[in-house]
Amino acid sequence: MNTQDIKYSAPIGDEIAYTTCYMCACRCGIKVHLKNGQLRFIEGNRHHPVNRGVLCAKGSAGIMNVLSPARLRAPLKRVGPRGAGEFVEISWDEALQTATSRLAAIRADDPNRLAFYTGRDQSQSLTGHFARMFGTINFASHGGFCSVNMAAAGLYSLGGSFWEFGEPDWDHAKLFLLFGVAEDHDSNPIKIGLAKLKKRQAKIISINPIRTGYSAIADEFVAITPGTDGLFVLALIHCLLKSGSIDTEFLVRYTNAHHLVVNEPGKSTHGLFARDAAGQPMAYDRSACRTVPGHRIGIDPALVGEYILEDGTHVRPAFSILASRYLAPEYSPESVEARCGVAASDIRRIAAEISEIAFNQTVRLETPWIDTAGRRHEYMIGRPVAIHAMRGISAHSNGFHSCRAIHVLQMLLGAVDTPGSWRYKSPYPKPIPGGIAPAKSERNLDGSLTSPVLGFPTGPDDLLVDAAGEPLRLDRAFSWEAPLGIHGLMHMAIAEAYHAAPEKIDTLFLYMANMSWNSAMNPAEVMRMLTEHDGEGNYRIPYVIYADAFFSETVAYADLVLPDTTYLERYDAISLLDRPIGSAHGPADALRVPVLTPDRDVRPFQDVLIDIAGRLRLPQFTDGSGNTLYTSYADYIINHERAPGIGPLAGFRGPDGTAVGKAPPNPEQLRRYIENHGFWQHHLRETESYYKFANKTYLCGAVDMGLIDRADAIVLALYDETLQRFRLAAEGHGVQQPPERLRARLQKFMDPLPIWYKPLEEELNENEFPLHAITQRPMAMYHSWGSQNVWLRQILSENRLYIHRTLAAVHDLVDDDWVALSSPNGRLKCQVRVMDGVNSNTVWTWNSIGKRSGAWTLELDAPEAKRGFLLNHLISEYLQEDATGTKLSNSDPVTGQAAWFDLRVRLEKCTPEESDEIYPTFVPLKSPFKTKHPSILRHFSEREKK
Amino acid sequence: MTSLPHTRTPKKKLGLVIDLDTCVGCHACAVNCKEWNAGGFHAPLPDHDPYGGTPDGVWFNRVHSYELESKDLGCRTVNFPRSCLHCDNPACVTVCPTGASYKRADDGIVLINTDICIGCKLCSWACPYGAREFDEDAGVMKKCTLCIDRIYNEALPEEDRVPACVATCPSHARHFGDFNDPESQVSVLVSERGSMDLMEELGYRPVNKYLPPQRARIEINSFETTESTAEGACSPLLKLLDRLLSR
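Residues numbered from 1 in each chain as written. Chains lettered and ligands numbered in written order. Predicted model: local features only at pLDDT ≥ 70, side-chain atom pairs only at ≥ 80, totals over all residues.

Colleague: Mind showing me how you'd approach the overall build of chain A here?
Modeller: Scanning chain A from terminus to terminus reveals 26 helices and 35 strands. When the backbone C-alpha atoms are referred to their principal axes, chain A occupies close to 85 × 80 × 75 Å. Across the 946 residues that make up chain A, the buried fraction comes to 62%. (Helix = DSSP H or I, 4+ residues; strand = E, 2+ residues; numbered from the N terminus. Buried ≥ 20, exposed ≤ 12 C-beta atoms within 10 Å, placed from the backbone.)

Here it is in structure tokens:
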């Protein structure tokens, strides 16, 4: 018998730190074990509200990102031509002085000549504040190429949105509809939730062209054609209306379904709500046979019919417009089946299943609650149909309306924040729309903008356009081309700066956004635009500052590189002002703390930004005498107040640390967070857990906590009056008028009820390019970060183009054959893999696996660069030129959301001579520092020997 | 050749239940296993050519994905995590010429004593599940230990004394316990869900069990589904809209 000596009870390490993960945007709590000051083990924090102890592949591989050879080591100054990767290391003093003098000159001249764009950071509240205090309107984070369709559709419809800002009621849902790829955000909460659904045998329907990830375990897979989700949903609505399977009680209580809409085509008020003298939308009370304020309780409001107001105005309830539209035969399952790629019988059956669960398998919680009218309800009724949607809806140019269609479906079912349905995560819901209008270039005496850069337009007057109706912002946000561009259009920034150069922009300041590679539409063009001269030896984009922790593809294109730390070497606030970790159960936020001290000359970007703000003497970062108010980001997290009592972290506030939400700063706040293992959460009581849009107890509590300003009912917008205001302008009403070339487009797309239209690119070229091409998110990778990670890259280091078996047969293709894909914007070569679980007219690949040769310090034979490829090379920021010679942005016409998934391609088999290597390839990038990789990495063994 | 324990019914029979109905194929188990074991009993788990053309390391747990079609399930993608099954009748042990591979009498865990392993690889040839991992750098065989340095580790809080793959699994598709205890969660799952033995016909009697994919269905009681649903006053919608409402 073997008698091996086994150390059963060796401690994991000698030190434990609790912090917040940053291997993706999920913000899980982690417990980090250190041994002799070095990382030994990272596991999920069992008590953390996000992940409850579990941790994904990325989080579990955090050690290898922190030890990545691609970490930048010191500030860099470009010495060769831009793009050549020739840098010298400089001191932080020199780097900060260089940045400051450049920015100071811009600020003194025209602050808008600074374009400041940040990527996947979690400090947009700080960066946005910096931009506002600097005084530039050209700021945004990456939401414009990520989630803005979902954010805008949600915030303007429900006062809350999908993505990570809402969640299914995992404990009560009986039917879960999952639209599109959703693997890269809120990933652990969704996985935990799916397990709960599975345990109860709740049915999961995945509507996705591709069956990977969560779709793999769905009970039903609907291989929908990309970009037709909205139409599919409108067909479901058609069936539910036909069969009377809607919750009219919910509609009149909580939505604007009964509000009367002016029906006077041609008049300036057409399509707007008829309002009384007090400005309130009106309804028609069937019992009293007269119009009454729409919000009055006890009325019996009409949902259909035509009425005439005392002044002779013709009106009809919003719902009646909706019903007549979607009952039309064009939305019948038979009419949409071919386009959606879903059989009419399946659409009908799914509608029937929704109806069955919503109305025959209702959830009733015996929890009394009080509504905003002060009425007490003895129980809570739920329609246990939960929906989640993300990128699959968002990344299309019809995504805003598709997302609105889903929200309308939810409202018709009464499945918004009720037991078993989709629920708001705190701090949502917020009033509709969610805040004040975006800043124009109006500045205070101190140079700061008078309001936040990004905001919520409610009509043409809120747009940022010049006298000709053309965009004032660099990226066209809040212009007639993207009226609700509430997250900006980061994907347009470089191209627009290039085309306008140098009048518009002096310095492009980017943070954590790989804009010359996987975050770019058409990376080759971006590289050209960043390196092209104006003929006089100046770059067309004069100056580029880039902050990143790693040697990503974009580093080579910067003039000044500010090296950031890894996530275990920094403070961060996971803030209610930004992207918090609240759930349906209550508000929560978290802290990221430095677990390790950097062994390189790098600094946390947020510290650097606060340092620059101090040197620039920006208001609210310095006092009246120019003294800096904050020594560091940690100091800012504790002491900054956005409004009196409202700071980056909501927990442990007040002098003794017992206050929450709105209270003065607490100098010991960070220590209290650390003692509480890095997070704070507030548990809502059962009585305030549902119907939050009309739950008096909840809304009053939210006001007390500073989450919202007023406890009024949030009326869900079945009908979106805001859009109609833009449409009226397009029809010639009002002072603020769009350019002629955009009138017809605005009339079509600014529809107050959801519409479906072909994605814009498809409309232009569907015959020549017959296939859809999209990406999915590998669960073990987060954008480009995973390829530098020795463990994660062993899971996925090269991608293939996945195609359906029938398509493979047509083109005589087997696994690993080479194909050429072409689009109006370019051509690429790659290898294929054949599969069944994909829509037959769709090809796809994994996102961001392809790398530029040399980047991330990968060796030149790395599969990521040899066989990995990006679909980005086939996509452009612009649509083809129209009749007037202008190029519209390749974006959603309402929000400006980048239309990544609109891509149409043609596929051809490569000849044997062409079947050699991927295309396009680029000159390998030169690392700005020396690297020597070990041939064998024996992690933990060398350390033991030491 | 190495003998199996004389007590053919060990006191405990520890192992895993892996639920193929719930596994989303996220690789969390594989990476957390790698992370734990890189510094654990079999440390290190080397990675060859870490940043080069053929990165290849030692992993005790790997996840594969397959597409399949069956009458009950229709078409489906199944994610299949693969690690040592700690067989009751492990050929990898009986084939070992030095006694380095052994099955423990107390808990049934199949383990390798790398001090006496000669790296002959007979065990990896004998294992039909591909569960053994050869450490070329050290010249010895390594494998899943069922996290022997976690499950008995008194330095850990009691709730953490489970294999790393089980603790970290986000979709709770992995369960750890004693199959000899009929009340244990793993035993209950096996009897409720009807578990599968991998390649049962080979007779190695794997201890780890896999739970099959399922398919939830909704029975529809009533829904008027056709386009010809009555129009006009007697349509279901108008009947609904006729009802008194109260805001």
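Next, the rest of the story.
Colleague: Would you mind going over helix α15 (residues 523–531) of chain A with me for this structure?
Modeller: The periodicity of an α-helix, 3.6 residues per turn, causes residues three or four positions apart to be oriented the same way. Looking at α15 of chain A, one finds that the buried residues are P523, V526, M527, M529 and L530 of chain A. Across the axial projection of α15 of chain A, the buried residues extend over an arc of 165 degrees, all falling on one side. (Arc of directions from axis to C-beta.)

Colleague: Sorry, what's going on with helix α1 (residues 28–38) of chain B here?
Modeller: Most of α1 of chain B sits inside the fold, with eleven of its eleven residues counted as buried. All of the buried residues in α1 of chain B are A28, C29, A30, V31, N32, C33, K34, E35, W36, N37 and A38 of chain B.

Colleague: Mind showing me how you'd approach the pairing of strand β32 (residues 826–835) of chain A here?
Modeller: Along a regular strand, successive side chains alternate from one face of the sheet to the other. Residues and elements named next belong to chain A. Pairing of strand β30 (residues 801–804) with β32 involves four bridges; the strand directions are parallel. Its bridge partner lying in β32, H804 is registered against M835. Where strand β31 (residues 818–823) lies against β32, six bridges are found, and the strand directions are antiparallel. Bridge assignment links L821 to a residue of β32, and that residue is L828. The antiparallel pairing of β31 with β32 creates a hairpin that spans two residues between the two strands. (Pairing = 2+ DSSP bridges.)

Colleague: What is the right way to look at the sheet that holds strand β11 (residues 220–222) of chain A in this model?
Modeller: What links the strands of a sheet is backbone hydrogen bonding, and the strands pair in either a parallel or an antiparallel sense. Residues and elements named next belong to chain A. The strand order β11-β10-β9-β21 describes an open sheet built from four strands, whose pairing is parallel. Looking at which strands have only one partner, the edges of the open sheet turn out to be β11 and β21 (385–389). With strand direction ignored, the average angle separating the axes of adjacent strands in the sheet is 15 degrees. The pairing of strand β10 (residues 203–207) with β11 spans three bridges and is classified as parallel. Bridging across to β11, S206 finds its partner in F221. (Axes fitted to C-alpha atoms, helices over the stretch in contact; angles between N-to-C directions.)

Colleague: Just to check I follow, could you spell out unusual backbone geometry for this structure?
Modeller: Excluding glycine, residues mostly carry a negative phi; peptide bonds, for their part, are mostly trans. Residue and element names in this part refer to chain A. The residue after S426, namely P427, is reached through a cis peptide bond having omega 15 degrees. Residue placement: P427 occurs in the loop between β22 (422–424) and α14 (490–500). With a phi close to 65 degrees, N522 is a non-glycine residue in the positive phi region. Along the chain, N522 turns up in the loop between β23 (507–511) and α15. Residue classification places N522 among the buried positions, given that 21 C-beta atoms sit within 10 Å. The phi dihedral of R617 is positive, around 55 degrees, even though this residue is not glycine. The topology assignment puts R617 in the loop between α16 (605–615) and α17 (633–639).

Colleague: Got a minute to help me understand the interface of chain A and chain B in this structure?
Modeller: Many authors give the size of an interface as the accessible area that is lost as the parts come together. Each partner contributes to the interface: chain A provides 91 residues, whereas chain B provides 69 residues. Within the residue set of the side of chain A that touches chain B, elements represented by two or more residues are β3 (38–44), α1 (57–60), α6 (187–199), α7 (229–242), α8 (248–254), α11 (344–360), α23 (792–795) and β35 (936–937) of chain A. Looking at which element gives the most residues to the side of chain A that touches chain B, the answer is α11 of chain A, with seven residues. When the residues that make up the side of chain A that touches chain B are grouped by side-chain class, the tally is 45 nonpolar, 25 polar and 21 charged. In the sheet, β35 of chain A pairs with strand β2 (residues 47–48) of chain B via two bridges, with the strands oriented antiparallel. Within β2 of chain B, the residue paired with I936 of chain A across the bridge is H48 of chain B. (Contact = placed C-beta atoms within 7 Å. Nonpolar A, V, L, I, M, F, W, Y, C, P; charged D, E, K, R; others polar.)

Colleague: Quick question: what am I supposed to make of the sheet that holds strand β3 (residues 56–57) of chain B here?
Modeller: One open sheet accounts for three strands, arranged β35(A)-β2(B)-β3(B); its pairing is antiparallel. Edge positions in the sheet fall to β35 of chain A together with β3 of chain B, since each of these pairs with one other strand and no more. By the bridge criterion, two bridges tie β2 of chain B to β3 of chain B in an arrangement that is antiparallel. Directly across from H48 of chain B, in β3 of chain B, lies its bridge partner D56 of chain B.

Colleague: Could you clarify how one ought to interpret the packing of α14 of chain A against α15 of chain A in this entry?
Modeller: Describing two packed helices takes the angle between their axes plus the distance from one axis to the other. All names here are of chain A. Packing of α14 against α15 brings their axes to within 10 Å, and their N-to-C directions diverge by 40 degrees. On the basis of the axis angle, α14 is oblique to α15. For the pair α14 and α15, the sense of crossing is left-handed. In this structure, α14 uses I494, A495 and Y498 to contact α15, whose residues at the interface are V526, M529 and L530. Its residues assigned to classes, the contact of α14 with α15 comprises six nonpolar, no polar and no charged. (Parallel < 35°, antiparallel > 145°, perpendicular 65-115°, else oblique. Left-handed = near helix turned anticlockwise from the far one by under 90°.)

Colleague: I tried to follow the environment of T19 of chain A on my own but got confused; where do I start?
Modeller: Residue and element names in this part refer to chain A. Residue position: T19 is located in strand β1 (residues 15–20). Under the C-beta neighbour-count criterion, T19 is labelled buried, with 27 such atoms within 10 Å. Along the sequence, T19 and G29 sit ten residues apart, while their C-alpha atoms lie 6.0 Å from each other. With residues up to four places along the chain from it excluded, the contact list for T19 reads I30, V32, L568, R592, V593, V595 and G678.

Colleague: Could you clarify how one ought to interpret the environment of A713 of chain A in this entry?
Modeller: All names here are of chain A. Looking at the secondary structure, you find A713 in the loop between α19 (696–704) and α20 (721–730). Sequence-wise, A713 and E766 are 53 residues apart; in three dimensions their C-alpha atoms are separated by 45 Å. Leave out the neighbours within four places in its chain, and A713 touches T372, F693 and A694.

Colleague: Before we go on, may I ask you to explain the nonpolar core in this structure?
Modeller: As a rule of thumb, nonpolar side chains are buried together in soluble globular proteins. By size, the foremost hydrophobic cluster in this structure holds 381 residues, and its most contacted members are A57, F232 and L236 of chain A. For this core, the leading source of residues is α7 of chain A, giving ten residues. When residues no more than four places from it in sequence are discounted, the contact partners of A57 of chain A are M779, A780, L792 and I795 of chain A together with C26, H27, A28, A30 and V31 of chain B. (Core = buried A, V, L, I, M, F, W, Y, C linked by C-beta atoms within 7 Å.)

Colleague: I keep staring at the pairing of strand β27 (residues 588–592) of chain A and nothing clicks. Help me out?
Modeller: Residues and elements named next belong to chain A. Burial runs high along β27: five of the five residues are buried. Judged by which residues are buried, β27 turns out to be covered on both faces: A588, A590 and R592 on one side and D589 and L591 on the other are all buried. Note: strand β26 (residues 572–574) against β27, three bridges, orientation antiparallel. Residue pairing for β27: D572 is matched across the bridge by R592. Note: β27 against strand β28 (residues 679–681), three bridges, orientation antiparallel. Along β28, the bridge assignment pairs A588 with Q681.

Colleague: It is not clear to me how the confidence of the model for chain B should be interpreted in this structure. Could you clarify?
Modeller: Low-pLDDT stretches of the model should not have their predicted coordinates read in fine detail. In this model, chain B carries a mean pLDDT of 94, and residues with pLDDT of at least 70 account for 95%. Predicted as a complex, the structure gets a pTM of 0.97 and an ipTM equal to 0.97. (pLDDT = per-residue confidence, 0-100.)

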